[in-house]
Amino acid sequence: MNTLAARAGPKKAGITGKAWWPWLKRGATMVFFALVAWLLVEQARAIEWHEVFAALRSYPPASLLGAAALAVLSLSLYSCFDLLGRHYTGHSLRAPTVMLVTFTSYVLNLNLGSLVGGVAMRYRLYSRLGLEVGVITRIMSLSMLTNWMGYLLLAGVLFGFHTPALPPGWKIGSGGLQVLGFVLLGTAAAYLLLCAFSRRRSYLLRGHELNLPSLRLALLQVTMGAGNWLIMGGVVFLLLQQKIDYPTVVSVLLVAAVAGVITHVPGGLGVLEAVFVALLSHQVPRHELLAALLAYRVVYYLGPLAVAAAVFLAMETRAKKLARDAGMTEKAPHRELSGS
């Protein structure tokens, strides 16, 4: 009995000793978000909001319609990303179904963060449609590579060869941004070379085997990814009413996208605006920048979110109906047997 008690003691102590770690992580996360919220509030106090809303009311309808059309084009293009994964894995889901899953996941990713939208939602919807975890992982990995390899190529070209004019006193400087651009461009080129010439074609990621795509598929990835970022930049460019040159707008959007990923703020709320104000307020008044970005959020984030929510509910209802019908089919033979 004493021996058992002695053995149980260290285990209990070990559990108690580790119990503080989750609380510490939660506390650190809360402090971080509180700090972000405080910074956003401080920034918001310095903005003349009546001027922002006045700028919104004065928007030409043609600019809003053009921005909405480009947003639809961008979302449609991104919805095709998982079609590359369909070709890559060879699964049998129909193309429209795959595009609906991609669209829903992407829009929730934009508004709620990558863990909820890009990862959890894809796993939930695809698993309900009958795909195995390994297949879903390969689809998701290829889609993320499509997005970010396109980003690296485009950012490399713009930062390296069309470095945006940074405001005075900006820490990194135009020269540093140009060097970063060449590094990003080299990374994208290395990926394409790896797909073209690597003898090792498979890698393990958390127990799942991932195969390198062919050079043809990799080129399609990079083209689609870069094209989507260019269209997104076009939405902001139209909403800024062409007051800033297009390459600069796209460059600042690329910087803001990475800042949003680093901070883990859902939807990049406040981060996108802060980056645009920091980099472009010396060229365009703050209230005009914020008006354009508020319109961008409505057109590219909130409007599509309403559609994605409806699509998700429809897919969930259909999945439950199919599961219920399958359960009734399984029970039917038992009833027949019991009655015989």
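Structure shown above.
Everything in this summary refers to the structure shown in the same document. (Residues numbered from 1 in each chain as written. Predicted model: local features only at pLDDT ≥ 70, side-chain atom pairs only at ≥ 80, totals over all residues. Heavy atoms only, no water.)

### Quick look at the overall build of the chain
- What the chain contains, in helices and strands, is 13 helices and two strands.
- Looking at the 340 residues of the chain, the share that counts as buried comes to 39%.
- When contacts within the chain are restricted to residue pairs at least 6 apart in sequence, those whose partners lie at least 24 apart make up 68%. (Helix = DSSP H or I, 4+ residues; strand = E, 2+ residues; numbered from the N terminus. Buried < 20%, exposed > 50% of the residue type's maximum accessible area, 1.4 Å probe, protein only. Contact = heavy atoms within 4.5 Å.)

### Observations concerning the pattern of salt bridges
- Applying the stated criterion across every chain, the model contains three salt bridges.
- For Glu273, the salt bridge is made with Arg297, and the minimal N-O distance between the two is 2.6 Å. Note that Glu273 is positioned in helix α12 (residues 271–280) and Arg297 in helix α13 (residues 286–339), a separation of 24 residues in sequence.
- Of the residues examined, Glu273 reaches a relative accessible area of 12% and is grouped as buried. (Salt bridge = Lys/Arg side-chain N within 4 Å of Asp/Glu carboxyl O.)

### Focus: the packing of aromatic side chains
- Taken as a whole and judged by the stated rule, the model has eleven aromatic pairs.
- Pairing Tyr296 with Tyr301 gives two aromatic rings, centres 5.8 Å apart and planes at 70°, and the pair type is edge-to-face.
- An aromatic cluster is defined as three or more aromatic residues linked by ring pairs; in this entry it consists of Tyr78, Phe81, Tyr106, Tyr296, Tyr300 and Tyr301.
- The lysine or arginine in question, Arg297, covers the ring of Tyr301, its NZ or CZ lying 4.9 Å from the ring centre. (Phe/Tyr/Trp six-rings, centres within 6.5 Å; stacked < 30°, edge-to-face > 60°. Lys NZ or Arg CZ within 6 Å of the ring centre and 35° of its normal.)

### Section: the packing of helix α4 (residues 61–79) against helix α10 (residues 215–239)
- Across the interface, α4 lies against α10 with an axial gap of 9 Å and an inter-helix angle of 165°. By the criterion of interaxial angle, the relationship of α4 to α10 is roughly antiparallel. Here α4 and α10 pass one another in a crossing that is left-handed. Residue-level inspection shows Ser63, Leu64, Gly66, Ala67, Leu70, Ala71, Leu73, Ser74, Leu77 and Tyr78 of α4 in contact with α10, the latter providing Met224, Gly227, Asn228, Ile231, Met232, Gly234, Val235, Leu238 and Leu239.
- A per-class count over the contact of α4 with α10 returns 13 nonpolar, six polar and no charged. (Axes fitted to C-alpha atoms, helices over the stretch in contact; angles between N-to-C directions. Parallel < 35°, antiparallel > 145°, perpendicular 65-115°, else oblique. Left-handed = near helix turned anticlockwise from the far one by under 90°. Nonpolar A, V, L, I, M, F, W, Y, C, P; charged D, E, K, R; others polar.)

### Examining helix α6 (residues 95–112)
- An ideal rise of 1.5 Å per residue puts 26 Å on 18 residues; α6 measures up with 25 Å between its terminal C-alpha atoms.
- Val98, Val101, Thr102, Phe103, Thr104, Ser105, Tyr106, Val107, Leu108, Leu110 and Asn111 are the residues of α6 that are buried. (Expected span 1.5 Å × (residues − 1).)

### Considerations on the packing of helix α5 (residues 81–89) against helix α8 (residues 133–161)
- One way to put it is that α5 packs onto α8 with a least axis distance of 8 Å and a crossing angle of 135°. Classed by the angle they form, the pair α5 and α8 counts as oblique. Crossing geometry of α5 relative to α8 is assigned as right-handed. Facing α5, whose interface residues are Phe81, Asp82, Leu84, Gly85, Tyr88 and Thr89, α8 presents Val135, Arg138, Ile139, Leu142, Ser143, Thr146 and Asn147.

### Examining unusual backbone geometry
- Residue Gln241 is not a glycine yet carries a positive backbone phi of 55°.
- Relative to the assigned elements, Gln241 resides in the loop between α10 and α11 (246–263).
- With a relative accessible area of 30%, Gln241 lands in the partly exposed category.
- The phi dihedral of Gln242 is positive, around 60°, even though this residue is not glycine.
- The exposure class assigned to Gln242 is partly exposed, which follows from its relative accessible area of 43%.

### A word on the nonpolar core
- Residues Leu239, Leu254, Phe276, Tyr296 and Tyr300 are the most contacted members of the largest nonpolar core, which totals 64 residues.
- Once residues lying within four places of it in the same chain are set aside, the contact partners of Tyr296 are Met232, Val235, Val236, Leu239, Leu253, Leu272 and Tyr301.
- Membership of the second largest hydrophobic core comes to 13 residues, among which are Leu93, Val101, Met121 and Val311. (Core = buried A, V, L, I, M, F, W, Y, C linked by side-chain atoms within 4.5 Å.)

### Here's the deal with α8
- Under the 1.5 Å per step criterion, the end-to-end length of α8 is 42 Å for 29 residues, consistent within 8% with the ideal 42 Å.
- Across the 29 residues that make up α8, a large majority, 21, are buried.

### A short note on the environment of Ala62
- In this fold, Ala62 is placed in helix α4.
- In this structure, the C-alpha to C-alpha distance between Ala62 and Leu239, residues 177 residues apart in sequence, is 10.0 Å.

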